[in-house]
Amino acid sequence: MTENKNSLQEKAQNLSKNKLGGSHTTIIGGRAGKKLIKLVSQHPEIKKVIPSVISVKGVAGGKLAGKVLRTDARGNLRLLLSEGRSFQEVRLVTKVGTADEGDRIMNELNEILKNAL
């Protein structure tokens, strides 16, 4: 039973790593940020997770927050991670093809993130 559980965990980790792409691989928030990305990437309709540049905004201090924003015409999403003064946009490429289906996935992911934080 333990071997089976470990095998499933390894499979989930490898699947998440295969979905991570792009030239920027650093995620803000340390372990908590990576946990959020892993949760999002495990959604069956997320094909690719592409982190972008980490930027700085005005106010110091704060905890990690994440929110999935706007869909484009093809149903792809943006995940905005922020922690203290830093924020990072992460592109989420989906398997769906319309904005309506993208909105459905956005609502599902925001619910997952709300429960995780």
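Please read these numbers as outputs of a predicted model, since none were measured by experiment. (Residues numbered from 1 in each chain as written. Predicted model: local features only at pLDDT ≥ 70, side-chain atom pairs only at ≥ 80, totals over all residues. Heavy atoms only, no water.)

Undergrad: Which residues make up the overall build of the chain, and what are the values?
TA: Each helix and strand in the chain was counted, giving three helices and four strands. Put simply, the chain runs from its N terminus to its C terminus through helices and strands in the order α-α-β-β-β-β-α. In the chain, which comprises 117 residues, the proportion classed as buried is 31%. Summed over its atoms, the accessible surface of the chain is roughly 7500 Å², and 52% of this surface lies on carbon and sulfur atoms. (Helix = DSSP H or I, 4+ residues; strand = E, 2+ residues; numbered from the N terminus. Buried < 20%, exposed > 50% of the residue type's maximum accessible area, 1.4 Å probe, protein only. Areas by Shrake-Rupley, 256 points an atom, 1.4 Å probe, with all protein chains shown as cover.)

Undergrad: Describe the pattern of salt bridges, naming the residues involved and giving the relevant values.
TA: This model, assessed by the stated rule, comprises five salt bridges. Across the pair arginine 104 and glutamate 45 runs a salt bridge, and its minimum N-O distance is 3.0 Å. Here arginine 104, found in helix α3 (residues 99-116), pairs with glutamate 45, found in the loop between α2 (30-41) and β1 (46-56); they are 59 residues apart in sequence, far enough to count as distant. Since its relative accessible area comes to 36%, arginine 104 is described here as partly exposed. Classification of glutamate 45 as partly exposed rests on a relative accessible area of 22%. Where salt bridges share partners, they join Glu45, Arg104 and Glu108 into one cluster. (Salt bridge = Lys/Arg side-chain N within 4 Å of Asp/Glu carboxyl O.)

Undergrad: Would you mind going over the side chain of asparagine 76 in detail, with residue names and values included?
TA: Inspection of the secondary structure assignment puts asparagine 76 in the loop between β2 (64-71) and β3 (77-83). Of note is the side chain of asparagine 76, whose polar atom sits 2.9 Å from the backbone nitrogen of threonine 94. Those residues within four positions of asparagine 76 in sequence are excluded, and the remaining contacts are Arg70, Thr71, Leu92, Val93 and Thr94. (Polar contact = N/O pair within 3.5 Å; in protein donor to acceptor, adjacent residues only side chain to side chain. Contact = heavy atoms within 4.5 Å.)

Undergrad: Run through the nonpolar core, naming residues and quoting values.
TA: In terms of nonpolar packing, the biggest core is built from 19 residues, with Val68, Leu79, Leu81, Leu92 and Leu109 touching the most fellow members. Counting residues per element, the ones that place at least two in this core are α2, β1, β2, β3, β4 (86-94) and α3. It is α3 that contributes the most residues to this core, four residues altogether. With sequence-adjacent residues up to four places away left out, leucine 81 is seen in contact with Ile27, Ile28, Leu36, Ile37, Ala65, Gly66, Ser86, Phe87, Gln88 and Val90. (Core = buried A, V, L, I, M, F, W, Y, C linked by side-chain atoms within 4.5 Å.)

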